[in-house]
Amino acid sequence: MSVRAEFTGRRIIEEGVNVNSQGQREPSPKENRYATLDEARAAIEGLRDVDNTKLMAIAKFFSQTRLSGDTSEAEDLLQEAITKTLAGTRRWNRSVTILKHLDRTMESDSSHIAGKRAAHPTVAIRTGKREPKSVRADVRTKIDAAEEVEKILAIFRNDSPAMDVLQLRGDGFAASEIRLKLGISEAEYETITRRIRRHLAKRLT
Amino acid sequence: MNRNEHDRNKMSEALRDLLLEASEDDLRDAFANAGEDFDILAARGRSVVERALASAEDSSEVENLHRGLGVLIQLLRRKKRLSLDELATEARVDVSEIRGIEHDATFDANPRTIYQLEQYFKLPSRSLVLLSGAVHVEHDVQEEVVRFAASATEMNKLSREEKKELNRIVKFLQEYTDR
């Protein structure tokens, strides 16, 4: 990958696409709200190890909460999300980072596959077709996504600061607003979010 | 969607956002605490990304070959002054296959269709297999096919230029399959 592609890709990943020289996000005309295929490719080629780790963790999250829980299925889910973005069948909205776009794509795809599997348990991720039962013998015939997410959230049931942070984040509050609402310092907030990540990482392994 | 499901989805997204926003140090700490190796997970992710990028490259090469196949079949059909249905009947293939080949670069023709068309048009053996994308082809073949597809045009009757291009590509495919 060329140096230019890496630089362009990094900037696209970290800042979103429409950032001016002062680092301010610029409003996009309606017709330019989606990144081009070249921009998407540059962003994906510019992914670093930390980004790849995040994407694998997200893929495993969906695999565990909506699919069979296999790591190979998590990899298929991620590969399919990237492939669709490169092909333009899932367009990247410039208002979010490439990582968030891939997160949303995996969320949508895993939900779609889970729905199809409710009727046909052996549906494969990348082809959308049924595989022979002997190949996917370990697929659960009934995936209760709600139950799986509940199991993950149950980790924090006895940790009310963590639940408060997650609920406020879910309601759209920024970190500074959450600290104000909960009356906690930046250091306390970092401690809580570190705890949440540790619990989540443990659950995903 | 009921309120509980809505809340669950929002909190699920909040969890994922905390992962997405984490620094490398935060993630290393989180996964080390879970007994998972950050670098192994990163390598796995990198491998998936590379596979997706390679697959995208392969797709565009195959589509170029398919375009060449579509143009070639169309020219050969028009040379014989056949409609899509007539060619399908004469070559004993499904008309939807002919339509897919001529108009959709992402269409994967049935191997039997490819064989039947080769036989019907008396083309060199395996020449259409090369254009179907079923086997790997050298870069010079791809270049030739792209050049051919770009130079052929849509007309009811083949122009002298189109006949010339048609003869040239068939000769090229003959020489390639004879290697």
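Bear in mind the structure is a predicted one, so any value in this text is a computation, not a measurement.

A. The arrangement of the overall build of chain A in detail. Scanning chain A for helices and strands turns up nine helices and zero strands. Listed by position from the N terminus, the elements making up chain A come as α-α-α-α-α-α-α-α-α. Here chain A holds 205 residues, and 46% of them are scored as buried. For chain A, contacts bridging at least 24 residues in sequence account for 62% of all contacts bridging at least 6. Approximately 10300 Å² of chain A is accessible, and the part contributed by carbon and sulfur atoms is 48%.

B. Focus on the interface of chain B and chain A. Taken together, the contacts link 37 residues of chain B with 49 residues of chain A. For the pair chain B and chain A, the number of links is 12 salt bridges. R197 of chain A is paired through a salt bridge with D26 of chain B; the nearest N and O atoms lie 3.4 Å apart. One can count 14 residue pairs in polar contact (both at pLDDT 80 or more) joining chain B with chain A. For the side of chain B that touches chain A, the secondary-structure elements that each account for two or more residues are α1 (3-20), α2 (24-33) and α3 (38-79) of chain B. The dominant element in the side of chain B that touches chain A, judged by the number of residues it contributes, is α3 of chain B, at 13 residues. The class makeup of the residues in the side of chain B that touches chain A is 19 nonpolar, four polar and 14 charged.

C. Structural context of the pattern of salt bridges. The full count for this structure, using the stated rule, is 26 salt bridges over all chains. Residues participating in the shared-partner salt-bridge network are R66, K100, D103 and E107 of chain A together with E13, R16 and D17 of chain B.

D. Quick look at the packing of aromatic side chains. Per the stated rule, a full pass over the model turns up three aromatic pairs over all chains. Note on F61 of chain A and F62 of chain A: the rings are 5.7 Å apart at their centroids and 80° apart in plane angle, and the pair reads as edge-to-face. The burial state of F61 of chain A is the same as that of F62 of chain A; both residues are buried. Aromatic pair Y120 of chain B and F121 of chain B: ring centres 5.1 Å apart, planes at 75°, arrangement edge-to-face. Each member of the pair, Y120 of chain B together with F121 of chain B, is buried.

E. Expanded view of the confidence of the model for chain B. Residue and element names in this part refer to chain B. On average, chain B scores 86 in pLDDT, and the residues at 70 or more come to 96%. Helix α8 (residues 139-151) is the least confidently modelled element of chain B, averaging 78 in pLDDT, while helix α4 (residues 84-91) averages 96, the highest of any element. Both scores are available for the predicted complex, with the pTM at 0.65 and the ipTM at 0.75.

F. Local environment of the nonpolar core. In this structure, M106, L166 and I196 of chain A together with L15 of chain B are the most contacted members of the largest nonpolar core, which totals 62 residues. It is helix α3 (residues 49-66) of chain A that provides the largest number of residues to this core, a total of eight residues. Each residue touching L15 of chain B, except ones within four places of it in the same chain, is listed here: F61, I152, L153, F156, L166, I196 and L200 of chain A.

G. Looking closely at the layout of surface pockets. There is about 490 Å³ of room inside the largest pocket. What lines the largest pocket is a set of 17 residues, among which A87 of chain A together with A56, S59, S60 and E63 of chain B lie closest to the centre. Considering every element that reaches the lining of the largest pocket, the biggest residue donor is α3 of chain B, with eight residues. Of the residues belonging to the lining of the largest pocket, the class tally is six nonpolar, six polar and five charged.

H. Molecular detail of the environment of L99 of chain A. Within the element layout of this structure, L99 of chain A appears in helix α5 (residues 98-119). A relative accessible area of 6% means that L99 of chain A is categorised as buried. In this structure the C-alpha to C-alpha distance between L99 of chain A and L55 of chain A, which are 44 residues apart in sequence, comes to 7.2 Å. Each residue touching L99 of chain A, except ones within four places of it in the same chain, is listed here: L47, D51, K54 and L55 of chain A together with L20 of chain B.

I. Representation of the packing of α3 of chain A against α2 of chain B within the structure. Their axes nearest at 10 Å, the elements α3 of chain A and α2 of chain B cross at an angle of 50°. One element, α3 of chain A, and the other, α2 of chain B, form an angle in the oblique class. Classified by chirality, the crossing of α2 of chain B by α3 of chain A is left-handed. Contacts between α3 of chain A and α2 of chain B involve V50, T53, K54 and A57 of chain A from the first element and E24, L27 and F31 of chain B from the second. Taken together, the residues that form the contact of α3 of chain A with α2 of chain B break down as four nonpolar, one polar and two charged.

Conventions used here
- Residues numbered from 1 in each chain as written.
- Chains lettered and ligands numbered in written order.
- Predicted model: local features only at pLDDT ≥ 70, side-chain atom pairs only at ≥ 80, totals over all residues.
- Heavy atoms only, no water.
- Helix = DSSP H or I, 4+ residues; strand = E, 2+ residues; numbered from the N terminus.
- Buried < 20%, exposed > 50% of the residue type's maximum accessible area, 1.4 Å probe, protein only.
- Contact = heavy atoms within 4.5 Å.
- Areas by Shrake-Rupley, 256 points an atom, 1.4 Å probe, with all protein chains shown as cover.
- Salt bridge = Lys/Arg side-chain N within 4 Å of Asp/Glu carboxyl O.
- Polar contact = N/O pair within 3.5 Å; in protein donor to acceptor, adjacent residues only side chain to side chain.
- Nonpolar A, V, L, I, M, F, W, Y, C, P; charged D, E, K, R; others polar.
- Phe/Tyr/Trp six-rings, centres within 6.5 Å; stacked < 30°, edge-to-face > 60°.
- pLDDT = per-residue confidence, 0-100.
- Core = buried A, V, L, I, M, F, W, Y, C linked by side-chain atoms within 4.5 Å.
- 1 Å grid on protein atoms, 1.4 Å probe; cavity = no way out; pocket = protein on both sides within 12 Å on 5 of 7 lines; lining within 4 Å.
- Points joined across faces, edges and corners; volume = space filled by probe spheres on them.
- Axes fitted to C-alpha atoms, helices over the stretch in contact; angles between N-to-C directions.
- Parallel < 35°, antiparallel > 145°, perpendicular 65-115°, else oblique.
- Left-handed = near helix turned anticlockwise from the far one by under 90°.

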